Amino acid sequence: MDIGLRLTHPDFTNAFSAPVLRRIVARTAEESEKAVKEWYRALPEDWFDNPEPYPDGTSRRLKPRRFMRALTRHWYHEVTADGGFSLFFKSPREDGVPWGLRLQQYGGVVVPRRKRALTIPVTAEARGVSAADFEQATGRRLFLLKGEDLEPDEVGTLAYEGEDGRPHAAYKLRRRSEVPSLLARRGHNAMPDVYELRSMVLPRFADAVEMALRD
């Protein structure tokens with residue numbers, strides 16, 4: 001996920017040489033990258049979480065939110081040839097799957113890439129782990145349950161036998177899943193809006209110009 005920024009500023013060609021102007025933009029980009037990281041550090045841990053508990057009543061906040069930690073660390077900047085710069089988030093998971101910041105911001109449809117169905121956790125223990133890792137970590141064997149009232153895109157449920165001898169759901173299996181934007185789900189964006197970005201970039205650009213004037 002990246003944010004492209006085009007700086008519009010007065011004509012500084014009489015005051016600064018081209019190399020100095022490039023340094024001004026580079027410093028602005030570097031400091032703006034830090035500002036975006038600080039923006040995420042100031043957010044609550046549950047910024048991306050559904051406030052409702054899982055269907056089995058367990059809280060969605062029993063495990064650390066690794067997504068939020070990644071957002072506070074893995075933003076980068078790149079100066080572009082047209083006099084602007086880009087800020088981008090890049091932090092692949094261990095399995096190579098992207099974090100999905102674009103999906104959080106805009107919403108969309110998720111489909112399985114290599115398997116027949118998506119495994120959607122329905123209990124806190126299953127969040128953030130694959131079905132195979134769930135079995136290994138908990139020692140519980142998962143089995144497939146299929147009901148008669150499945151939704152069109154629903155394959156079934158991966159469940160395990162609890163200590164009470166009854167099946168307990170761990171994952172819903174679906175062929176596709178529609179994910180609303182974070183704005184629709186929680187009432188706020190997944191990334192800074194244009195006004196917040198301006199408040200980050202413009203003061204840093206002014207500071208970079210002032211430093212160049214003092215040099």
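Residues numbered from 1 in each chain as written. Predicted model: local features only at pLDDT ≥ 70, side-chain atom pairs only at ≥ 80, totals over all residues. Heavy atoms only, no water.

Glancing now at the overall build of the chain. In terms of helices and strands, the chain carries six helices and nine strands. Here the chain, with 215 residues, has 35% of them falling under the buried criterion. A separation threshold of at least 6 residues defines the contact pool for the chain, and within that pool the share at least 24 residues apart is 62%. Surface summary for the chain: the accessible area is close to 13,400 Å², and the carbon and sulfur share equals 50%. (Helix = DSSP H or I, 4+ residues; strand = E, 2+ residues; numbered from the N terminus. Buried < 20%, exposed > 50% of the residue type's maximum accessible area, 1.4 Å probe, protein only. Contact = heavy atoms within 4.5 Å. Areas by Shrake-Rupley, 256 points an atom, 1.4 Å probe, with all protein chains shown as cover.)

This part takes up the sheet that holds strand 5 (residues 118–121). In spatial order, the strands read 5-8-7-6; together these four strands make up an open sheet with antiparallel pairing. If you trace the sheet from one side to the other, it starts and ends with strand 5 and strand 6 (143–145), each paired once. In this sheet, neighbouring strand axes are inclined to one another by 40 degrees on average, regardless of whether the strands run parallel or antiparallel. Looking at chain direction, strand 5 and strand 8 (residues 167–174) are connected through four bridges and run antiparallel. Within strand 8, the residue paired with threonine 119 across the bridge is leucine 173. (Pairing = 2+ DSSP bridges. Axes fitted to C-alpha atoms, helices over the stretch in contact; angles between N-to-C directions.)

This next bit is on the nonpolar core. Within the largest apolar cluster, 24 residues are counted, with the highest numbers of intra-cluster contacts made by Tyr40, Phe48, Leu71, Trp75, Phe89 and Leu101. Sorting the residues of this core by element identifies helix 1 (18–41), helix 2 (66–71), strand 3 (85–89) and helix 6 (194–214) as the ones contributing at least two each. In terms of residue count, helix 1 provides more of this core than any other element does, six residues in total. Setting aside residues up to four positions removed in sequence, leucine 71 forms contacts with Lys37, Tyr40, Phe48, Phe89 and Leu101. (Core = buried A, V, L, I, M, F, W, Y, C linked by side-chain atoms within 4.5 Å.)

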